[in-house]
Structure formats: C-alpha cells, structure tokens
Amino acid sequence: MVQTPAARFDIKDIELAPQGRQRISWAAREMPVLALIRERFAREQPLKGYRLLACAHITTETANLALTLQAGGADAVLCASNPLSTQDDVAAALVEFGIPVFAIKGEDAATYERHIRAVIEHRPQIVIDDGADVVTMLHQEYQEQLPQIIGGTEETTTGLIRERAMEADGTLQYPIIAVNDADTKHFFDNRYGTGQSTMDGIIRATNILIAGKIVVVAGYGWCGKGIAMRAAGLGAQVIVTEVDPIRALEAAMDGYRVMPMAQAAPLGDIFITATGDIKVIDEHHLTAMRDGAIMANSGHFDSEINMRALEGLAHEGRRTLRQFVEEFQIAPDKRLIVIGEGRLVNLAAAEGHPASVMDMSFANQALAAEHLALHAGELEKRVYPMPEEIDREIARLKLHAMRIEIDTLTEEQRRYLTSWQH
Ligand code: ADE
C-alpha cells in the first residue's frame, strides 16, 4: 500500500506571510519579558532536541511564544485551540519561520480534529495545551505516545478543570504545570485581557454604543470580573449572575446588581457568558429575552449559550447581518443575535488579549517548558503549580519593562514581619 506522506503544514495561504510577519513584530514591541527570555533561550538552548506541540490560539502573541521556544532549541509544531481564532497571516508567517502550523480560521469540526491529530503525529515530548483538547485526545486515543511525554502545561481555567479531574481519577499520565494559576497569568490575562478584548470583539462585530446598555455578565471569576469592569467603564449598567455565593457577594459589593439568569434574561441588552460551564443561557432564558438582545460568549468552549436550543427556536429563520453577527428569528416580533457563533468572542471577532498581558502569560509558558526540560523524569503524574519564584521574577521583569520601581523592605521591616515578639 502506498502511504500518503503526512502534510508538512496546513494553512490558508502562504502568501499572507509578509503581513503576518509585520503584525508579529508589532506585538513583540509589547512583549519585553518574553523577548528577554528569547535572548537567553537563544544562548542557553534549554529546549534543544525536544519535540514540542503547542495547541493554542494562533495569534501574533502565540507566534512570539513559538519563536521563543524555537530559539530555545525546541522542534515545535502548532495547531489551533479553537476553530475560529486562527489569524491566517500569522500561521503563514510561522510556516516561513520554519514552524509547521495546522490551522485555518473557520475550519470545520472535522478539520479541527484532523489538525490536532496531525500535530500529535509529531510525537511530542512537551505538550502546551489551551483547553485540554490535546491532553484528552492523547490519553484516549494515543496511549502509546504517553511514555515519551516529559510533561505539559495548561493555559486555561477550563483545561485545568479537565486535567485535575484526570489527576483525581488516576488517568493523568504525565506532569502538567498549571500556567493559568500563576499570579502573573490569571490576575492580568484573565481579568484585563478578557475584559478589554471581549468588549473589543463585541464592538468590532456590532459597532454598537455600550453606554446606557444593560450588560448581563454570567460568571464572576477573573474573566467575568474583567468584563464587568470594562463594560461598566464604557457606561453600561452591569448585572452579574453567579452560582458561587462568595463571588456573588463580591460582585454585589463591587457595585453590580446580582440576580439569577432567569430574572436577568428579560432585562439585558447584551449578555456575555464567562463561566466555563454549559447551558448558562438555556432555552427558557432565550424565550424570555427581549427583541434584539445580543449574546456573546467569552468562555473557552461554545457550550455556554445553548446554540442548539436557539437553532430549534428559530422557526422564523436566521440570517447573517454582518461578519460574525447572526440573527435568529424565534417569533414574528422577536429576533435574538449571537456574535461569533457563541465561540470565544474576543478571538473570533477581535484579536484576543492584547500583547502586553500575553507577554506575562507566555513568559510563564516558556519558563514552564524550560522547567519541564530541566526536571525531565523527576516529576510525578500530577498537576503542579507554577513555581512561585518564576511567577515573582516575571512580575519583577514586567515592572522593570514598564519603568515602575517599587520599595524594598528595610532589614528592620523584614525582621518585624518574620517575628512574633514585637
Ligand atoms: N488567549 C486569549 N488571547 C490570546 C492571544 N492574543 N493569543 C493567544 N492566546 C490567547
């Protein structure tokens, strides 16, 4: 039997590379911490000889991470962590830089899966994941590859939920570093990154005025906090829905109205989900919404708005109004609008988090990959926190890049803080 050779990459159009290169350089200007790591990696080659797979949003920021890993000696390949988030020009530029990419913006579910399989064929030893799609596929269908993997990293809250469940039931077969949980990741990326880029996606897609609107934010984790803060900053009245009593209390004391989604549904002009759960906006919420209500999702998966229920309700038809804006007519006098098919709105309709926050997230990723290489064979099959000294060093470097100085403890203050007799 003649075997078809595996594709070396699969992208939309290599001719887009010059534009991608230009945009990658623009993002690099806001990523000084990653640049320092890249310079050191080029000298020290900590990833030399390692095959590395990164399943990530293929953006200008991810490109800078990939180039850092390549500078460190890694033999890296990339696939998308979401079918709608790929920037095709960036994918083309990366291929020209010698990094194979398997990702096309708007790819269907079968192509998305084929691309994940293609990068798994690279037989990775280090796996950088964003949402745990690769981790789960490796454990379910490629068990023969698990022994070669020295470890992985996870970028998202959603991915960690799945990976911690694998650890709890004894399934997890390699160590994973919880990059998401680093302070220099979630305090900044999840809050300020999601906050700004979510509003950016909604505004780019619709060009509507936010001031004076009622914005319902589902979920008050770090992402929800950032979205609520930025929506309020643009002049919206914000309602928060939550299931966690402490977060609900926090939202109330931060000045937002808090109520169940069933009460918020008829009130909201714009609904934004960021819970990590399923059916946060379900059929009975949809039918209660007012004509013209707009919905967007900022959680990792497209499961938060019940799109199947919405499609089922749309007896009166559906139509595309603008790029990434679709209207579902559920009654003669009721049209509901969804941005970006209910997928991550900040990456589908905008460019994801700005480079300045991804600088810290991806500094964590690069240093976590180095940590795995340095400790290959020593770590257990567990989900590990990001080493605290790395986290603090990233904060110090970021402050330095921002030309911000801070105080240091005097010897007397240090003694006071470490004693109990005073
Ligand atoms: N996740 C959110 N924003 C991102 C970006 N700009 N690049 C990569 N991953 C992201």
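As shown above, the structure is provided for reference.
Residues numbered from 1 in each chain as written. Predicted model: local features only at pLDDT ≥ 70, side-chain atom pairs only at ≥ 80, totals over all residues. Heavy atoms only, no water.

Another aspect to go through is the sheet that holds strand 7 (residues 214–218). The eight strands are arranged 9-8-7-10-11-14-13-12 in an open sheet whose pairing can be described as mixed. Edge positions in the sheet fall to strand 9 (257–258) and strand 12 (318–322), since each of these pairs with one other strand and no more. Relative to strand 14 (residues 334–339), strand 13 (residues 325–331) runs antiparallel, the two being bridged by six bridges. The residue of strand 14 that forms the bridge with F328 is L336. Helix-sheet contacts for helix 8 (residues 183–206) involve strand 10 (270–273), strand 11 (294–297), strand 12, strand 13 and strand 14, and the interaxial angle to strand 10 is about 140°. (Pairing = 2+ DSSP bridges. Helix = DSSP H or I, 4+ residues; strand = E, 2+ residues; numbered from the N terminus. Contact = heavy atoms within 4.5 Å. Axes fitted to C-alpha atoms, helices over the stretch in contact; angles between N-to-C directions.)

What follows deals with the site of the ligand. Close to the ligand lie H57, T59, E61, T62, L347, E351, G352, H353, M358 and F362. One of the side-chain N or O atoms of T59 is found 2.7 Å from a nitrogen atom in the ligand. Here a nitrogen atom of the ligand and a backbone polar atom of H353 are 2.8 Å apart. When the free accessible area of the ligand is taken as 260 Å², the share hidden by the protein chains comes to 95%. Here the residues of the shell around the ligand sort into three nonpolar, five polar and two charged. (Near = heavy atom within 4 Å. Polar contact = N/O pair within 3.5 Å; in protein donor to acceptor, adjacent residues only side chain to side chain. Areas by Shrake-Rupley, 256 points an atom, 1.4 Å probe, with all protein chains shown as cover. Nonpolar A, V, L, I, M, F, W, Y, C, P; charged D, E, K, R; others polar.)

In this model, the second largest pocket occupies a volume close to 390 Å³. If you trace the second largest pocket, you find 21 residues lining it, with P83, A109, Y112, D133 and R343 closest to the centre. Elements with a contribution of two residues or more to the lining of the second largest pocket: helix 5 (109–120) and helix 6 (133–141). Within the lining of the second largest pocket, the residues separate by chemical class into seven nonpolar, six polar and eight charged. (1 Å grid on protein atoms, 1.4 Å probe; cavity = no way out; pocket = protein on both sides within 12 Å on 5 of 7 lines; lining within 4 Å. Points joined across faces, edges and corners; volume = space filled by probe spheres on them.)

A few words now on the packing of helix 2 (residues 32–44) against helix 3 (residues 60–71). Between helix 2 and helix 3, the least distance of the axes is 8 Å, while the angle of their chain directions is 20°. In this view, helix 2 runs roughly parallel relative to helix 3, as classed from their interaxial angle. Between helix 2 and helix 3 lies a crossing of left-handed hand. Note on element contacts: helix 3 touches helix 2 through N64, L65, L67, T68 and A71, opposite L34, I37, R38, F41 and A42. Class assignment of the residues belonging to the contact of helix 2 with helix 3 gives a composition of seven nonpolar, two polar and one charged. (Parallel < 35°, antiparallel > 145°, perpendicular 65-115°, else oblique. Left-handed = near helix turned anticlockwise from the far one by under 90°.)

A full pass over the atoms with the stated rule returns four aromatic pairs. Ring geometry for F187 against F188: centres 6.4 Å apart, planes inclined by 75°, an arrangement best described as edge-to-face. On the basis of relative accessibility, which here comes to 26%, the residue F187 falls in the partly exposed class. Residue classification places F188 among the partly exposed residues on the basis of a relative accessible area of 29%. On the basis of an interplanar angle of 70° and a centroid distance of 4.9 Å, the ring pair of F187 and W222 is categorised as edge-to-face. Separated by 35 residues along the polypeptide, F187 in helix 8 and W222 in helix 9 (residues 222–233) bring together distant segments of the chain. Taken together through their ring pairs, the aromatic side chains of F187, F188, Y192 and W222 make up a single cluster. Above the face of the W222 ring, K225 is positioned so that its terminal group lies 5.0 Å from the ring centre. Here R382 stacks its cationic end above the ring of Y384, 4.3 Å away from the centre of that ring. (Phe/Tyr/Trp six-rings, centres within 6.5 Å; stacked < 30°, edge-to-face > 60°. Buried < 20%, exposed > 50% of the residue type's maximum accessible area, 1.4 Å probe, protein only. Lys NZ or Arg CZ within 6 Å of the ring centre and 35° of its normal.)

In summary, soluble globular proteins display a tendency toward joint burial of nonpolar side chains. Residues L52, I58, L94 and V101 are the most contacted members of the largest nonpolar core, which totals 52 residues. When residues of this core are assigned to their parent elements, the largest contribution, eleven residues, is made by helix 15 (residues 355–374). (Core = buried A, V, L, I, M, F, W, Y, C linked by side-chain atoms within 4.5 Å.)

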